[in-house]
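Reading the structure
The chain contents come next:
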Amino acid sequence: NVSGTDDTFAAVVSNIGCCLHQLGEPEAAQVYYERAIQMFEKVPVSTLDWLLYGNVNQRRVEYIKARLVELGLDRKPDASQYLDGVGRRQAWSDAERSGREQGLWSWFSPSSWYQYATLADAKREGGEQAHKLNADHAGTQGPSAA
């Protein structure tokens, strides 16, 4: 049950807006961006988060408003950065962009989550896709490369 005042749900709504923006669907993107702003404005910031990071949700709102400006100027969203869990702009690292294994702390990286999920799905389904992803993951070529 999602109440519409959960910051994770608001982030998902914002991300859908970004996807629509990237796909060239400005009207739909605007609807999602504006809804995410409304949701973030309603979500309270915990005292601990406020003390450690400041007004995280205000930074999230400002970030989304900047996306709306890009949308109004008919520009794609800047894919070189993302907003982390505490509202700070972060540049994607080379490892995150390439999808390479990042070692012990890779579970912090959204790209490693995607890589794991994709590989797990392929292994479950089996076949050529799993071989290719395993080979890509290991840095070698799959059986079809011959």
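Residues numbered from 1 in each chain as written. Predicted model: local features only at pLDDT ≥ 70, side-chain atom pairs only at ≥ 80, totals over all residues. Heavy atoms only, no water.

**A short note on the overall build of the protein**
Helices and strands together make up the secondary structure of the protein, namely seven helices and two strands. Counting from the amino terminus, helix and strand elements in the protein follow one another as α-α-α-α-β-β-α-α-α. The burial tally for the protein puts 29% of its 146 residues in the buried class. In the protein, 38% of the contacts between residues at least 6 apart in sequence involve partners at least 24 apart. (Helix = DSSP H or I, 4+ residues; strand = E, 2+ residues; numbered from the N terminus. Buried < 20%, exposed > 50% of the residue type's maximum accessible area, 1.4 Å probe, protein only. Contact = heavy atoms within 4.5 Å.)

**Focus on the packing of helix 1 (residues 7-22) against helix 4 (residues 56-72)**
In contact at an axis separation of 11 Å, helix 1 and helix 4 are set at 15° when each is read in the N-to-C sense. In terms of axis orientation, helix 1 runs roughly parallel to helix 4. Pair helix 1 / helix 4 crosses with left-handed handedness. Contacts between helix 1 and helix 4 involve D7, S14, C18 and H21 from the former and R60, I64, R67, E70 and L71 from the latter. Its residues assigned to classes, the contact of helix 1 with helix 4 shows three nonpolar, two polar and four charged. (Axes fitted to C-alpha atoms, helices over the stretch in contact; angles between N-to-C directions. Parallel < 35°, antiparallel > 145°, perpendicular 65-115°, else oblique. Left-handed = near helix turned anticlockwise from the far one by under 90°. Nonpolar A, V, L, I, M, F, W, Y, C, P; charged D, E, K, R; others polar.)

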